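Spelled out from the first residue to the last, the chains are:
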Amino acid sequence: MSRGQDGSRRIYFGGESRYGDDRPREECGVFGVFGHEDAAALTALGLHALQHRGQEGCGIVTYDGHRFNQERRLGLVGDNFNKAEVIARLKGRMAVGHNRYSTTGDVVLRNVQPLFADLDTGGFAVGHNGNLTNALTLRQELISSGAICQSTSDTEVVLHLISRSKKRRIVERMVDALLQIEGAYAFVGLTNDMLIGARDPVGIRPLVLGRLGEAWVLTSETCALDIVGAEFVREIENGEVVAITAEGITSHRPFPRRPARPCVFEYVYFARPDSIVGGRSVYEIRKQFGVQLAMEAPTEADVIVPVPDSGVPSAIGYSTAARIPFELGIIRNHYVGRTFIEPEQRIRQLGVKLKHSANPGVIRGNRVVLLDDSVVRGTTSKKIVAMIKEAGAREVHMRISSPPIRYPDFYGIDTPSTDDLLAANMTVEEMRDFMGADSLAFLSVDGLYRAMGCDHRDARSPQFTDHCFTGDYPTRLVDQDGAADFQLSLLADAR
Ligand code: AMP
């Protein structure tokens with residue numbers, strides 16, 4: 001732990017921000033099954049559907065009536081859980097699984113979840129989506145009192161708290177732990193007879209309950225229910241802890257009731273468009289973002305072109321509202337994976353073409369409106385505007401279907417520090433100039449809320465967690481000690 005010049009505490013688990021490459025990363029998808037003979041295979045499928053929530057590590061833990069079986073790997077679900085023998089090793093009718101982002105190298109395997117511990121109540125596996133804002137403080141206290149940490153994950157802090165609880169039953173112990181943590185979390189936990197789900201008091205990250213015949217499923221998004229043919233039952237509510245056993249489901253409400261504030265960024269970027277989040281179709285909401293944007297920032301143009309894939313639904317909305325044709329003017333190469341060997345610097349200059357290429361037939365000579373879902377550092381927009389101009393566009397008008405991201409995230413989105421956020425450091429006009437676009441406009445915060453079906457943002461009790469755009473954080477930022485202007489990389493990998 002060190003102190004910044006302003007006296008604020010700067011605590012790192014080792015290493016710097018993981019925001020080391022071109023794009024930020026989001027993290028984590030969770031999936032749990034109770035009572036199905038193919039629990040591991042279903043979990044692998046569910047994690048595959050949640051691959052967009054974390055691409056670099058995945059794990060599954062099952063319980064087979066005698067023992068816990070565990071597999072944790074670096075890399076994609078499809079590359080690691082595609083073999084019958086791997087699934088066969090994961091015996092049992094109960095499973096939890098997790099996708100996460102991490103950097104390469106053996107050293108980070110220890111952070112791949114679900115984490116597992118032998119508690120005096122028995123074995124317990126847990127997977128977490130989100131980020132705790134007091135984990136560093138708690139971890140420091142735990143270490144000072146003699147705890148030994150095996151990973152650099154904040155989830156391990158929760159395991160310690162559960163282990164230290166004096167309560168008799170695991171759910172009570174879990175509640176004891178939850179009452180000590182702050183921040184964003186959707187947990188799935190597994191014991192030898194129970195699947196547990198928990199969502200933070202304002203429900204920042206999503207968690208849903210599904211039914212598959214007699215079996216139960218808990219997972220981050222409905223797209224993971226769809227892939228296994230499970231029926232959506234309901235969302236786990238903000239501040240709710242559910243315990244699923246052979247007897248059925250019990251629901252616990254350990255926190256004082258607070259209005260829900262789910263993260264609006266799930267709609268902007270995170271969630272898969274075919275998911276239903278908070279009763280809303282992510283795809284339809286994204287189209288509405290485009291409709292609102294067309295009303296707020298119209299422009300004379302010949303074609304509307306999305307930055308694939310995340311800009312597609314809002315471009316459809318913009319195109320419909322503006323009555324300007326939608327065209328696929330950028331083609332994305334979907335086979336650029338981690339295994340792609342970085343070419344020499346000379347070739348690497350070709351940069352964006354590795355992933356995105358212009359489709360000159362619909363660009364040349366045209367006035368193009370380019371739609372993307374968000375600007376973080378501005379790298380993507382800058383490269384893509386240059387590429388579209390090179391392909392012969394007469395004008396390029398950049399439209400972003402969310403407001404400018406001016407504040408860092410502490411809830412599981414790996415966005416950079418304020419210093420690296422383009423919109424935190426430039427006016428819209430300066431950003432336009434930086435990108436090389438002929439015009440640039442963002443969706444307004446009220447426009448975002450209108451697209452979500454609200455009249456406007458309720459300033460006294462905002463309906464969503466929108467801190468990236470407004471700086472209004474719904475929880476205490478204990479580890480930051482009041483200083484929100486530096487990157488806290490809770491899960492940063494020790495180097
Ligand atoms: P940048 O190039 O740094 O401005 O990043 C913006 C691009 O990254 C947009 O095309 C978004 O679709 C995408 N993006 C936004 N937020 C995230 C995130 N948390 N993780 C990964 N990509 C993101």
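Look up a bit, the structure's there.
Per chain, the residues get numbers from 1 upward, laid out in the order the sequence is written. Totals for whole chains, interfaces and linings use all residues, but because this is a predicted model, local features are given only for residues with pLDDT of at least 70 and pairs of side-chain atoms are given and counted only at 80 or more. Only hydrogens and water are set aside when side-chain values are computed; all heavy atoms of the structure are taken into account.

Novice: I'd like a rundown of the environment of valine 33, residues and numbers included.
Specialist: Counting from the N terminus, the helices are DSSP H or I runs at least four residues long and the strands are E runs at least two residues long. As for its position among the elements, valine 33 is in strand S4 (residues 29-34). Overall, valine 33 belongs to the buried group, its relative accessible area being 0%. A C-alpha to C-alpha distance of 9.3 Å links valine 33 and leucine 212, two positions 179 residues apart in sequence. Setting aside anything within four residues of it in sequence, one finds valine 33 in contact with Ala39, Leu42, Thr43, Arg93, Met94, Ala95, Leu195 and Trp216. Burial status follows relative accessibility: with a 1.4 Å probe on protein chains alone, a residue under 20% of its type maximum counts as buried, one over 50% as exposed, and anything between as partly exposed. Residues count as neighbours in contact if any of their non-hydrogen atoms are within 4.5 Å of one another.

Novice: Give a detailed account of the pattern of salt bridges, specifying residues and quantitative values.
Specialist: We count a salt bridge whenever a side-chain nitrogen from Lys or Arg sits within 4 Å of a carboxyl oxygen from Asp or Glu. Applying the stated criterion across every chain, the model contains 25 salt bridges. Across the pair aspartate 438 and lysine 389 runs a salt bridge, and its minimum N-O distance is 3.2 Å. Of this pair, aspartate 438 sits in the loop between helix H15 (428-435) and strand S25 (439-442) while lysine 389 sits in helix H13 (residues 379-390); the two residues are 49 residues apart in sequence, bridging distant segments of the chain. Its relative accessible area of 36% is what places aspartate 438 among the partly exposed residues. With a closest N to O distance of 2.5 Å, arginine 457 and aspartate 466 form a salt bridge. The class of arginine 457 is buried, set by a relative accessible area of 16%.

Novice: Would you mind going over unusual backbone geometry in detail, with residue names and values included?
Specialist: The step from glutamine 113 to proline 114 runs through a cis peptide bond, and the omega angle for that step is 0 degrees. By secondary structure assignment, the location of proline 114 is in the loop between strand S7 (94-100) and strand S8 (115-119). Residue proline 308 is joined to aspartate 309 through a cis peptide bond whose omega torsion reads -5 degrees. Backbone geometry places arginine 323, a non-glycine residue, at a positive phi of 55 degrees. By the element assignment, arginine 323 lies in the loop between helix H10 (312-322) and strand S20 (330-332). Judged by its relative accessible area of 77%, arginine 323 is exposed.

Novice: Describe helix H1 (residues 39-49), and please don't skip the residues or the numbers.
Specialist: Across the eleven residues of H1, eight count as buried, placing the element largely inside the fold. Taken residue by residue, H1 has Ala39, Ala40, Leu42, Thr43, Ala44, Gly46, Leu47 and Ala49 as its buried positions.

Novice: How would you explain the environment of glycine 197 if you had to name every residue and give the values?
Specialist: Relative to the elements of secondary structure, glycine 197 occurs in strand S11 (residues 195-199). The buried category is assigned to glycine 197, whose relative accessible area is 0%. Along the primary structure glycine 197 and alanine 186 are separated by eleven residues, whereas in three dimensions their C-alpha atoms are 7.2 Å apart. Not counting the four nearest positions on each side in its chain, glycine 197 is found in contact with Phe187, Leu207, Leu218, Glu240, Val241 and Val242.

Novice: Tell me about the sheet that holds strand S13 (residues 215-219), and please be specific about residues and values.
Specialist: An order of S6-S5-S7-S4-S13-S12-S14 is seen for the seven strands of this open sheet, with the pairing classed as antiparallel. The open sheet has two edge strands, strand S6 (68-74) and strand S14 (231-235), and neither has a second partner. The sheet shows a mean angle of 15 degrees between the axes of neighbouring strands, direction not considered. Note that S4 and S7 share six bridges and pair antiparallel. When DSSP finds at least two bridges between two strands, those strands are taken to pair. In this analysis an axis means a line fitted to C-alpha atoms, helices contributing only their contacting stretch, and an angle means the value between N-to-C directions, from 0 to 180 degrees.

Novice: Explain the sheet that holds strand S15 (residues 241-245) to me, using residue names and the numbers behind them.
Specialist: Sheets are built from strands that pair by backbone hydrogen bonding, the pairs being arranged parallel or antiparallel. Taken together, the six strands give an open sheet; going across it, the order is S8-S9-S10-S11-S15-S16, and neighbouring strands pair in antiparallel fashion. Each having just a single partner strand, S8 and strand S16 (248-252) make up the two edges of the open sheet. Sheet twist, expressed as the average angle between the axes of neighbouring strands with direction ignored, equals 20 degrees. When S15 meets S16, the two strands line up antiparallel, connected through five bridges. When the sheet's bridge partners are listed, threonine 245 is paired in S16 with glycine 248. Packing of helix H6 (residues 170-178) onto the sheet brings it into contact with S8, strand S9 (122-132), strand S10 (183-190), S11, S15 and S16, and relative to S11 it is tilted by some 20 degrees.

All we've got here are geometric facts, nothing functional implied.
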